[in-house]
Amino acid sequence: MSAITAWPFAGLAQTASKVYRIGILSTDGPADAKSIFDAMLHALASHGYTPDRNIALEIRASGIHTEQLPELAKDLVASNVDVILTFSFPAAMAAKDATTTIPIVSTEAGGDPVATGLVKSLSRPGGNVTGVSDMAIELAPKRLELIKDMVPSVRTVAMLWNARDLGMTLRYQGAADAARAIGARVQALAVREPDDFDEAFASMVRDPPDAILLVSDALTRLNRRRVYEFAEKHRLPATYERANYVREGGLSSYSPDLDEIYDRATSLIDRIFKGANPADLPFEQPTRFHLSINLKTAKSLGITVPASVVARADEVIE
C-alpha cells in the first residue's frame with residue numbers, strides 16, 4: 001500500500017434532499033481497511049445511511065506511514081466533509097489537530113481517550129471529538145488471566161507494541177501493570193518499524209518468555225503473521241486483542257464486540273447529523289465482549305485448554 005491512499009466514493013442520491021459527507025481516516029492496510037469499511041457500511045445502513053442514497057464517503061488511509069496522517073486529515077478538512085470517522089489514536093489526533101469545527105467520531109482510540117488528551121472527559125468530551133473506546137487497558141487483565149487459566153506456569157510475558165504510538169504505549173503500560181499484578185515478569189519489546197520485529201524475536205530467543213501479548217495497531221497487525229509463526233515455532237502461548245487473530249492461527253483473544261462499537265459509532269454520527277454537538281455526546285464504552293480460543297493452535301503448542309475456559313468462549317476454533 002502506498003503511503004497515501006485516497007478512495008473517494010461519490011454515491012450521490014438522486015432523490016435525497018441531503019447527502020452527508022463522511023470522511024474516514026485510517027491507518028489500516030488494504031485487507032484490514034476493507035474489513036473495517038465493510039463493517040462500517042453495514043452499521044451505517046442499519047441507521048438508514050447508504051452511499052447510493054444519502055451519504056458520500058471520502059476515505060484516506062496511511063497504512064503504517066502514520067507521518068502522513070496530518071496531510072491526509074487536512075485533505076479531508078479541505079474536502080468539506082460533515083464528520084470525520086477514525087479508527088486509531090494517531091488518526092484521531094491528526095484529525096483533531098486539523099480541525100476544531102468538523103465533528104470527529106473516534107473508535108479504538110488507544111484505550112483511554114482521556115489519558116491520551118483526545119477528550120477532556122468521557123462524560124463531557126468538550127471540543128469536537130467523541131466516539132467509542134475499545135477499553136484495551138481495562139481488558140488487559142482479562143487477556144492475561146485467560147493465558148494463566150490455560151498455562152498456570154506462566155511467569156514471564158513478552159509484550160510487543162508500537163512505541164511510536166502514545167495510545168499503544170499506554171495500552172502496553174496497562175497490560176504490564178496487569179501482568180505484574182498477577183506476579184508475572186514483563187519482557188518489554190518495543191517496535192517502531194517492521195525491521196524491529198527481528199530484534200524482538202531475537203530477544204525472546206535469548207531470554208525465552210512463557211507467553212506473548214501483542215498490542216494491536218497498524219504496525220503490529222501488518223506483522224502479525226510473523227508473530228504467529230514465531231509463537232508456533234517456539235511453542236509459546238500468545239494472546240491478542242482481536243478475534244480475527246485467533247481465526248488466523250493465534251491462540252486466544254478477549255476483545256470488545258466490534259459490531260457493537262461500529263454500531264454505536266454510527267449512532268453517534270446519526271445524532272451529529274441530526275444536530276447534536278459532539279462536545280456534549282459522552283465518549284461511550286462497549287458493553288459486549290468476545291472470547292475466542294483456537295483449540296487447533298493449543299494442540300500444536302501442547303496445551304490442554306481447560307473445559308471451563310472452552311465453556312466461557314464465544315468462539316471455539318477446532
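Conventions adopted
Residues numbered from 1 in each chain as written. Predicted model: local features only at pLDDT ≥ 70, side-chain atom pairs only at ≥ 80, totals over all residues. Heavy atoms only, no water. Axes fitted to C-alpha atoms, helices over the stretch in contact; angles between N-to-C directions. Helix = DSSP H or I, 4+ residues; strand = E, 2+ residues; numbered from the N terminus. Parallel < 35°, antiparallel > 145°, perpendicular 65-115°, else oblique. Left-handed = near helix turned anticlockwise from the far one by under 90°. Contact = heavy atoms within 4.5 Å. Pairing = 2+ DSSP bridges. Right-handed = clockwise from strand over helix to strand, strands pointing away. Expected span 1.5 Å × (residues − 1). Polar contact = N/O pair within 3.5 Å; in protein donor to acceptor, adjacent residues only side chain to side chain.

Chemist: Mind showing me how you'd approach the packing of helix H6 (residues 196–206) against helix H8 (residues 224–233) here?
Modeler: Here H6 crosses H8 at 15°, and the two axes come no closer than 11 Å. Between H6 and H8, the angle is such that the two are roughly parallel. Along this stretch, H6 crosses H8, giving a crossing that reads as right-handed. The segment H6 lies against H8, with Phe197, Asp198, Phe201, Met204 and Val205 engaging Arg226, Val227 and Phe230.

Chemist: Mind showing me how you'd approach the pairing of strand E8 (residues 185–191) here?
Modeler: Note on strand geometry: in a regular strand, side chains alternate between the two faces of the sheet. Inspection of the sheet shows strand E7 (residues 156–162) paired to E8 by 7 bridges, in the parallel sense. The partner of Leu160 across the bridge, within E8, is Leu189. Since E7 and E8 lie parallel, the crossover through helix H5 (residues 166–181) that links them has a hand, and here it is right-handed.

Chemist: Help me out: how do you make sense of H5 in this one?
Modeler: An α-helical segment advances 3.6 residues per turn. Residues three or four places apart therefore align on the same side. Across its 16 residues, H5 extends 23 Å between first and last C-alpha, which sits within 8% of the 22 Å expected from 1.5 Å per residue. Contacts from the buried residues of H5 go to helix H3 (89–98), helix H4 (136–150), E7, E8 and strand E9 (211–214). N-capping of H5 is provided by Asp165, with a side-chain oxygen placed 2.8 Å from the backbone N of Gly167.

Chemist: Even after reading the chapter, I still don't get the sheet that holds strand E13 (residues 315–317), so can you show me in this structure?
Modeler: Strand pairing in a sheet relies on backbone hydrogen bonds, with the paired strands running either antiparallel or parallel. Spatial strand order, E8-E7-E9-E10-E11-E12-E13: 7 strands in an open sheet with mixed pairing. The outermost strands of the open sheet, each flanked by one partner alone, are E8 and E13. Strand-to-strand twist in this sheet, taken as the mean axis angle between neighbours without regard to direction, amounts to 20°. The pairing of strand E11 (residues 252–256) with strand E12 (residues 289–294) spans 5 bridges and is classified as antiparallel. Looking at the pairing, Pro256 lines up with Phe289 of E12. Sitting on the sheet, H6 touches E7, E8 and E9, and the angle it makes with E8 is about 160°.

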